[in-house]
Amino acid sequence: MYSNRRGFLRWLALGFGALMGLLPALARRRFDRALAQGAPASPKAAELQFVKVATVADLEKGPFKVENAFGDNTATLWLVKDPKKANSVLALDATCPHAGCEVEWRGKNFVCSCHGSAFAADGSRTRGPADADLTAYKVKVEKGEIFVART
Ligand code: FES
C-alpha cells in the first residue's frame, strides 16, 4: 500500500512537471501563430474606435475645442499641437480632474475657473488643487484629419 501511494505520488509529480514544461512552449506557439496572422500586438489596440474630430488646419490659431467629441455628450476635448513633439497632436479631456469643471485655454496654459487649477499645454498639472493631469486620448492624424479614441 505504501509503495503504491509513493508510486502514485511520483507519477503525479512527473506528470505535473511535464505539464509545466509544456505550457511555455504552447503559449509561444499561440503567440507566433497570432503574429503570423497579422493580429495586433495588443488586443486593446484592436478595440480602439477612432472618430474624426477636426482637421490640422483647425489648430492653426491655437488649441481647438471639440464639444461632444464622441457624439454621446460624454467628452469635450482640447486639441493641441504637442509642445514636445513636432507634427504631433494631443487630445486632452476638458474636464478638470479636481471636481469636474471645464478647463479653458488662457493663451499659454489651461486654467480651471472653479478652484484655480492650471495645466500646461501638454495637459500636465502645474497648479492644484487638482492632483492629476488632464486625461489624454489616443490621437492619429491621417491626410490632415485628426482622429481620437478613448483609451
Ligand atoms: Fe477644477 Fe476644482 S474643479 S480646480
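## What about the pairing of strand 3 (residues 77-81)?
Here is step 1: Of all five residues in strand 3, four are buried; the element is thus mostly enclosed.
Here is step 2: Strand direction decides the pairing type here: strand 2 (residues 64-66) and strand 3, joined by three bridges, are antiparallel. Counterpart to Val66 in the pairing with strand 3 is Leu77.
Here is step 3: The pairing of strand 3 with strand 4 (residues 89-93) spans five bridges and is antiparallel. Directly across from Lys81, in strand 4, lies its bridge partner Val89.

## Structural notes on the environment of Cys112
Here is step 1: In this fold, Cys112 is placed in strand 6 (residues 110-112).
Here is step 2: The class for Cys112 is buried, based on a relative accessible area of 2%.
Here is step 3: In this structure Cys112 touches Cys96, Cys101, Glu102, Val103 and Ser117, once residues within four positions along its chain are discounted.

## Description of the packing of aromatic side chains
Working definition: an aromatic ring pair is given by the centre-to-centre distance plus the angle between the planes.
Here is step 1: In this structure the tally under the stated criterion is three aromatic pairs.
Here is step 2: Measuring from centroid to centroid gives 5.6 Å for Trp78 and Phe110, while their planes differ by 55 degrees, and the two rings are tilted. You can see Trp78 sitting in strand 3 and its partner Phe110 sitting in strand 6, a full 32 residues away along the chain.
Here is step 3: Seen in terms of ring centroids, Trp105 and Phe110 are 4.8 Å apart; in terms of plane orientation they differ by 65 degrees. Their pairing is edge-to-face.
Here is step 4: Accessibility expressed as a relative area gives 24% for Trp105, which makes it partly exposed.
Here is step 5: Exposure remark for Phe110: the relative accessible area of 0% places this residue in the buried category.
Here is step 6: Counting every residue linked through ring pairs, the aromatic cluster contains Trp78, Trp105 and Phe110.

So, how was this worked out
Residues numbered from 1 in each chain as written. Predicted model: local features only at pLDDT ≥ 70, side-chain atom pairs only at ≥ 80, totals over all residues. Heavy atoms only, no water. Buried < 20%, exposed > 50% of the residue type's maximum accessible area, 1.4 Å probe, protein only. Helix = DSSP H or I, 4+ residues; strand = E, 2+ residues; numbered from the N terminus. Pairing = 2+ DSSP bridges. Contact = heavy atoms within 4.5 Å. Phe/Tyr/Trp six-rings, centres within 6.5 Å; stacked < 30°, edge-to-face > 60°.

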